[in-house]
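Chain and residue survey
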Amino acid sequence: MVTDAINVNPTKATSWSLWTRQTIAILGLEIKKNFFSRRALLLYPIAGLPLVMMAALAIFTPDTDEMRNFGMLSQVYAGVYGGLILRTLVFFGCAWVAMNLFRGEIVDRSLHYYFLSPVRREVLVVGKYLSGLIATIVLFSITTAGSMLIFYFGIFPSESKAYFFNGAGTSQLLAYLGVTILACIGYSAVFLIVGLFFRNPIIPGLLLYGWEWINFLLPPGLKKLSVIHYLQSLVPVSMSDGPLAVLVEPTPAWISVPSLLLFTGVVLFLAGLHIRRMEISYAGE
Amino acid sequence: MTTSTSQFATSIVFEDVSKFYDEVLGVNRVNLQIAPGITSLVGPNGSGKTTLMNLMTGLLRPSSGRISVLGISPSEPEEIFQKLGYCSQFDSFPRGATAREFIEFYLRVHGYTKKEAGDLTQAALERVSLTEAADRRISAFSKGMRQRVRLAQSIAHNPSVLVLDEPLNGLDPMARAEIIRLFRALADAGMFLIISSHILHEVDMMSDSVVLLHNGYVVAEGEVHGVRDEIDEHPIQILIRCDRPQTLAARLFEHEHTVEARINDDRKGLFVKTRRPDDFYLLLNRLVTEQKIQIESVAPVDDDLNAVYQYLITSDGGNAQ
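Everything numeric in this text was worked out from a predicted model, so none of it was measured.

1. Quick word on the overall build of chain A
From N to C terminus, chain A includes 12 helices and 0 strands. Ordered by position from the N terminus, the helices and strands of chain A form the series α-α-α-α-α-α-α-α-α-α-α-α. Along the longest, intermediate and shortest principal axes, the C-alpha atoms of chain A span 80 × 40 × 35 Å. Relative to its 285 residues, chain A shows a buried fraction of 36%. Counting only contacts in chain A whose residues sit at least 6 apart along the sequence, the fraction spanning at least 24 positions is 85%.

Have a look at this one:
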């Protein structure tokens, strides 16, 4: 047993550079967990499902003139993107990752190690949020771009090349990617705070899912109290919500994007306030 | 209790601290001032030891009162954990981590560079004799080794205050002795060590002072013998080995501070219970001279924490604060 300590003081740093270093350290561990832990295994089938589906759809889509003008193709993809990828897979993927950022560590009884470090708890929120965001953005961007490219190139490879390099394909792809990234930003923030506030976050998660799904039925004022409303305003190909839908003008991008970012900022601020006063008690977890 | 600003800056202070879990009492109206050295929190399960430690480290927030660790509030983690390390009882670790990765990672969170964190990790692992197993996964470690990993993690950044919740749990006798030596060395270097335990003879061996807790109340505090002195009414038991125990017993009974005098089964010794040990020893000296009694040995048989603790929690002597 050696009783001598070595004296090393943390390299002097201003608050911002210290917080940056701490955030990077947190990111290092959390990203590894978000991609490679046992909990992350569920993410891969969620993110990979559309790739398989679109490959199958590409194989079985008939080669007709109607499809060949890409109008129908873009409608089909918009349906899959809006109904499956955005509303369901990105939603639950973000829920799974973000709710586990804190709740997972509480269940594993390891959150106290962070709380016993000289790190502002707000920095911890930011570090963990960014790690979840990076994981979901990487996975669901691959899902979004991959499923679109597989679908188009799987059906009409040569025409799709022209569509993406000379037509509307690339701008649509970038718009879908932008919507996916914004969805990850918004939903990750929502579920991070849900994971902080609720011991069992599944029920609030399902309630939120329901709220997002019935958005098309809500009156205009209530529509704005959802993430999906702003995301739908940004998708490049709009889809009909059916005869029961309450129709409203899409919110312009210059309002939708800042609104989502502002909303995310407010949610993270609230998470910071909450975690500042949070106690560690693993009893009952 | 009033505490001056300088005392706040140089000690650990609890000022009228209470903690309730909803309606369940954790600790109630605790007033403590802890000086450098080894201070042991002693009490049975549920007495409030871990609650006090969690309050001191900000894992819990007091329902009322104020806590200061070297002048810093536990609600300021970015300040307090530069100076404080906590080896908690939570026997859990990030999944898949090796001992080295685990310690190094949290040093990086402190703000140390990779090189600094690596050096500190190595030093901490050496201090707890865990260098050989450092690159193995913690999940494969024995309970004692996991305990050492937590200890290494809590001392890696060279804190001035070390809080240890049952740190000897799971350690074999040799490791216990080594760890106690380490604690002693750290305390001698001027550190504050706050250790919870219910193994009283170990507390007795290593502590400079003790805080006795029962049902969320501080029952007594101070040096081991100082605590005893606070309890005027508690009779202490003394074993006297001598050639004429009956004579001695008869003479001792003439004095009102002798509560009991019982001849040992081998008839060569005498157990005496007295309320005033100082008077008793003076009397014994006089009787030995007068009666020419041959004394082989005189030894207090219960002058340890266990006796004090049992007395305090089971009799009216335990005047809770």
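On we go.
2. Let's talk about the overall build of chain B
Across its full length, chain B carries 12 helices and 13 strands. Residues counted as buried form 43% of the 321 residues belonging to chain B. Sequence separation of 24 or more characterises 65% of the internal contacts of chain B that already satisfy a separation of 6 or more.

3. What to know about the interface of chain B and chain A
Size of an interface, as often reported, equals the accessible area lost when the parts are brought together. Contacts between the two partners involve 35 residues from chain B and, on the opposite side, 34 residues from chain A. For the side of chain B that touches chain A, the leading source of residues is helix 5 (residues 114-127) of chain B, giving 6 residues. Of the residues belonging to the side of chain B that touches chain A, the class tally is 16 nonpolar, 9 polar and 10 charged.

4. A look at the packing of helix 6 (residues 121-155) of chain A against helix 8 (residues 169-197) of chain A
All names here are of chain A. Orientation of helix 6 relative to helix 8, taken along the N-to-C sense of each, is 150 degrees, at an axis distance of 9 Å. Between helix 6 and helix 8, the angle is such that the two are roughly antiparallel. The two elements helix 6 and helix 8 cross, and the hand of that crossing is right-handed. For the pair helix 6 and helix 8, the contacting residues are Tyr129, Gly132, Leu133, Thr136, Ile137, Phe140, Ser141, Thr144, Ala145, Met148 and Tyr152 in the first and Gly169, Leu173, Tyr176, Leu177, Thr180, Ile181, Cys184, Ile185, Ser188, Ala189 and Leu192 in the second.

5. A word on the nonpolar core
Here is a general trend for soluble globular proteins: nonpolar side chains tend to be buried in one another's company. Membership of the largest hydrophobic core comes to 136 residues, with the highest contact counts inside it found for Val90 and Tyr187 of chain A together with Ala152 and Leu193 of chain B. Looking at this core element by element, the count peaks at 16 residues for helix 4 (residues 71-107) of chain A. Discounting chain neighbours no more than four positions away, the residues touching Tyr187 of chain A are Val90, Phe91, Cys94, Ala95 and Val227 of chain A. Core analysis: the next-biggest nonpolar cluster, separate from the first, contains 8 residues, Ile236, Leu248, Ala261 and Val272 of chain B among them.

6. Quick look at the sheet that holds strand 8 (residues 209-214) of chain B
All names here are of chain B. Within the open sheet, the 6 strands sit side by side as 5-6-7-3-8-9. Their pairing is mixed. The open sheet terminates on both sides in strands that have one partner only, identified here as strand 5 (84-87) and strand 9 (217-222). Each strand axis lies, on average, 15 degrees off the axis of its neighbour in the sheet, ignoring direction. Two elements, strand 3 (residues 37-42) and strand 8, share 4 bridges in a ladder whose sense is parallel. Its bridge partner lying in strand 8, Ser40 is registered against Val210. Helix 6 (residues 143-155) contacts strand 5 and strand 6 (161-165) of the sheet and is inclined by roughly 170 degrees relative to strand 5.

7. Examining the domain arrangement of chain B
As far as domains go, chain B holds domain 1 (5-222) and domain 2 (230-314). Relative placement of domain 1 of chain B and domain 2 of chain B: their C-alpha centres are 40 Å apart.

8. Quick word on the sheet that holds strand 1 (residues 12-21) of chain B
Each strand in a sheet pairs with its neighbour through backbone hydrogen bonds, running either in the same direction (parallel) or in the opposite one (antiparallel). All names here are of chain B. Pairing in this open sheet of 3 strands is antiparallel, and the strands run 2-1-4 from one edge to the other. The sheet is open, and its two edges are formed by strand 2 (24-34) and strand 4 (64-69), each paired on a single side. Taken over all neighbouring pairs, the strand axes of this sheet differ in orientation by 20 degrees on average, direction set aside. Where strand 1 and strand 4 come together, 5 bridges link them in antiparallel fashion. For Ile12, the partnering residue across the bridge sits in strand 4 and is Val69.

9. Remarks on the pairing of strand 8 of chain B
Regular strands show a simple pattern: their side chains alternate between the two faces of the sheet. All names here are of chain B. Counting buried residues along strand 8, 5 of its 6 residues qualify, which places the element largely inside the surrounding structure. The sheet contact formed by strand 8 and strand 9 spans 5 bridges and is antiparallel. What sits directly across from Leu212, in strand 9, is Ala220. Remark: 2 residues form the turn of the hairpin made by strand 8 and strand 9, two consecutive strands paired antiparallel; Asn215 in that turn has positive phi of roughly 50 degrees.

10. Describing the packing of helix 1 (residues 15-36) of chain A against helix 6 of chain A
Residues and elements named next belong to chain A. Two elements in contact, helix 1 and helix 6, have axes separated by 8 Å at closest approach and are oriented at 40 degrees. One finds that helix 1 runs oblique with respect to helix 6. In the crossing of helix 1 with helix 6, the sense of the turn from one axis to the other is right-handed. Where helix 1 abuts helix 6, its residues Trp19, Gln22, Thr23, Ile26, Leu27, Glu30, Ile31, Asn34 and Phe35 lie against Val123, Leu124, Val126, Gly127, Lys128, Leu130, Ser131, Gly132, Ile134 and Ala135.

11. Comments concerning the environment of Ser117 of chain A
Within the secondary structure, Ser117 of chain A is located in the loop between helix 5 (111-115) and helix 6. The spacing of Ser117 of chain A and Ile106 of chain A is 11 residues in sequence and 16 Å in space, taken between C-alpha atoms. The residues contacting Ser117 of chain A, other than those within four sequence positions of it, are Phe81, Tyr106, Val109 and His110 of chain B.

12. Quick look at helix 2 (residues 43-60) of chain A
Residue and element names in this part refer to chain A. The end-to-end C-alpha distance of helix 2 is 27 Å, a good match for the 26 Å that 18 residues give at a rise of 1.5 Å each. The sharpest bend along helix 2 comes to roughly 30 degrees, located at Leu49, with the proline Pro50 sitting one to four residues further on. All of the buried residues in helix 2 are Leu43, Ala47, Pro50 and Met54. Contacts made by the buried residues of helix 2 are with helix 4 and helix 6.

Thresholds applied
Residue indices follow the written sequence of each chain, beginning from 1 at its first position. Following the order in which they are written, the chains are lettered starting with A and the ligands numbered starting with 1. Totals for whole chains, interfaces and linings use all residues, but because this is a predicted model, local features are given only for residues with pLDDT of at least 70 and pairs of side-chain atoms are given and counted only at 80 or more. Helix and strand assignments follow DSSP, with helices taken as H or I runs no shorter than four residues and strands as E runs no shorter than two, numbered in order from the N terminus. As a rule, residues whose C-beta atom has 12 or fewer other C-beta atoms within 10 Å are exposed, those with 20 or more are buried, and those in between are partly exposed; C-beta atoms are placed from the backbone. Whether two residues are in contact depends on their C-beta atoms, placed from the backbone: they are in contact if these lie within 7 Å. Put simply, Ala, Val, Leu, Ile, Met, Phe, Trp, Tyr, Cys and Pro go in the nonpolar bin, Asp, Glu, Lys and Arg in the charged bin, and everything else, Gly too, in the polar bin. Axis geometry follows a simple rule: fit a line to the C-alpha atoms, using only the stretch in contact for helices, then measure angles between N-to-C directions, giving values from 0 to 180 degrees. With respect to orientation, any angle under 35 degrees is reported as roughly parallel, any angle over 145 as roughly antiparallel, any angle of 65 to 115 as roughly perpendicular, and every other angle as oblique. Take the far helix as the reference: if the near one is turned anticlockwise from it by less than a right angle, the crossing is left-handed, and if turned clockwise, right-handed. We define a nonpolar core as a collection of buried residues of the types Ala, Val, Leu, Ile, Met, Phe, Trp, Tyr and Cys that are connected via C-beta atoms lying within 7 Å of each other. Note on pairing: two strands pair once DSSP finds at least 2 bridges between them. Just so you know, the domain bounds were taken from an automatic or database domain assignment. For a helix, the expected span equals 1.5 Å multiplied by the residue count minus one. What we call the bend at a residue is the angle made by axes fitted to the seven residues finishing there and the seven residues starting there.

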